[in-house]
Amino acid sequence: MTQRTQSRLALEEAVARADYVAARVALFRVLYGAFLSSSLQVCDQALSRTAQAVDGGRTPWIAELLADPIAWATEKGRTLGPLPDVQTASQAALKTALDALLTATEFLHDSAVVARAFCVSIAAAIEAQANLHEGQEADAVRKREWLAIAEDLRQEHLADVPDADPLAVEKALGAWRIDEYLLRLAKPQ
């Protein structure tokens, strides 16, 4: 069994325990060094589901961005289209997800940044949908969407992609954890 397959299974196990931090770590291990087209497809599917749930197709530029994020980034950089002045928590999380997707397109040469950006994008997309609900309904949405990600990974045959160097994966994962820890400690100026 490949390390990617083990990580996908670990993602499913984490979701069963409602441990979404562990799910993100497992997702990172699957996506690190994977084929860009497959990773983009998984991210696009998550964002498309979220955009439909949160925006309902009212914002055409979102569909344009999702249709070809690399072309969008080449033409417009990391600039998003116009958004409502007052945003709901779901809209703000969708914006975070789209921005993270564009971050990935800016660093295509760096497997660690790409994997992190896709993980942030997918996790934010899931939270955007969960934010549309409360309590147990929100928890059910999180579970459903994380399981959809596991299925998307299976459909993209990411387990068939040769494993990345395990030391490089763990080093990149450690750097991500340090970055997130430092961000939590940072105080606004």
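Scope of this entry: the structure provided in the associated data block. (Residues numbered from 1 in each chain as written. Predicted model: local features only at pLDDT ≥ 70, side-chain atom pairs only at ≥ 80, totals over all residues. Heavy atoms only, no water.)

Attention now moves to the overall build of the chain. Of the regular secondary structure elements, the chain holds 9 helices and 0 strands. Element order for the chain, N to C, with α for helix and β for strand: α-α-α-α-α-α-α-α-α. Its C-alpha atoms give the chain a radius of gyration of 16 Å, near enough to 16 Å, the size a compact globule of 189 residues would have. Principal-axis analysis of the C-alpha atoms gives the chain an extent of 45 × 40 × 40 Å. The 189 residues of the chain split such that 44% are buried. In the structure as shown, the chain presents an accessible area of about 9,900 Å², 55% of it carried by carbon and sulfur atoms. The average position of the 19 basic charges and that of the 26 acidic charges among the side chains of the chain differ by 5 Å. (Helix = DSSP H or I, 4+ residues; strand = E, 2+ residues; numbered from the N terminus. Rg over C-alpha atoms; globule rule 2.2 N^0.38 Å. Buried < 20%, exposed > 50% of the residue type's maximum accessible area, 1.4 Å probe, protein only. Areas by Shrake-Rupley, 256 points an atom, 1.4 Å probe, with all protein chains shown as cover. Lys, Arg positive; Asp, Glu negative; His and termini not counted. Charge placed at Lys NZ, Arg CZ, Asp CG, Glu CD.)

Here we come to the pattern of salt bridges. Pairing between side chains of opposite charge can happen when their charged atoms approach one another. By the definition in use, this model includes 13 salt bridges. The partner of Asp19 in a salt bridge is Arg17, with the nearest N and O atoms 3.6 Å apart. You can call Asp19 partly exposed: its relative accessible area is 29%. Relative accessible area serves as the criterion here: at 51%, Arg17 is assigned to the exposed category. Among the salt bridges present, the one from Glu151 reaches Arg154, with a minimum N-O distance of 2.3 Å. In this pair, Glu151 and Arg154 are both assigned in helix 8 (residues 135–155), 3 residues apart and thus about one turn of the helix distant. (Salt bridge = Lys/Arg side-chain N within 4 Å of Asp/Glu carboxyl O.)

Turning next to the packing of helix 2 (residues 20–31) against helix 8. For the pair helix 2 and helix 8, the least separation of the axes is 12 Å and the interaxial angle reads 15 degrees. Between helix 2 and helix 8, the interaxial angle falls into the category roughly parallel. As helix 2 runs across helix 8, the sense of the crossing is left-handed. In this structure, helix 2 contributes Tyr20, Ala23, Arg24, Leu27, Val30 and Leu31 to the contact, and helix 8 contributes Asp139, Arg142, Lys143, Trp146, Ile149 and Leu153. Tallied by class, the residues present in the contact of helix 2 with helix 8 amount to 8 nonpolar, no polar and 4 charged. (Axes fitted to C-alpha atoms, helices over the stretch in contact; angles between N-to-C directions. Parallel < 35°, antiparallel > 145°, perpendicular 65-115°, else oblique. Left-handed = near helix turned anticlockwise from the far one by under 90°. Contact = heavy atoms within 4.5 Å. Nonpolar A, V, L, I, M, F, W, Y, C, P; charged D, E, K, R; others polar.)

Turning next to the packing of aromatic side chains. Inspection of the entire model under this criterion finds 4 aromatic pairs. Relative to Trp176, the ring of Phe28 has its centre 5.3 Å away and its plane inclined at 35 degrees; by these criteria the two rings are tilted. Highlighted residues: Phe28 in helix 2 and Trp176 in helix 9 (residues 166–185), separated in sequence by 148 residues. Relative accessible area serves as the criterion here: at 7%, Trp176 is assigned to the buried category. Ring centres 5.9 Å apart and planes at 35 degrees place the aromatic pair Trp61 and Trp72 in the tilted group. Of this pair, Trp61 sits in helix 4 (residues 60–67) while Trp72 sits in helix 5 (residues 69–76); the two residues are 11 residues apart in sequence, bridging distant segments of the chain. Across the pair, exposure class does not vary: Trp61 and Trp72 are buried alike. An aromatic cluster is present here, built from Phe28, Tyr32 and Trp176 joined pairwise through their rings. Taking NZ or CZ as reference, Lys76 lies 4.0 Å from the ring centre of Trp72, over its face. (Phe/Tyr/Trp six-rings, centres within 6.5 Å; stacked < 30°, edge-to-face > 60°. Lys NZ or Arg CZ within 6 Å of the ring centre and 35° of its normal.)

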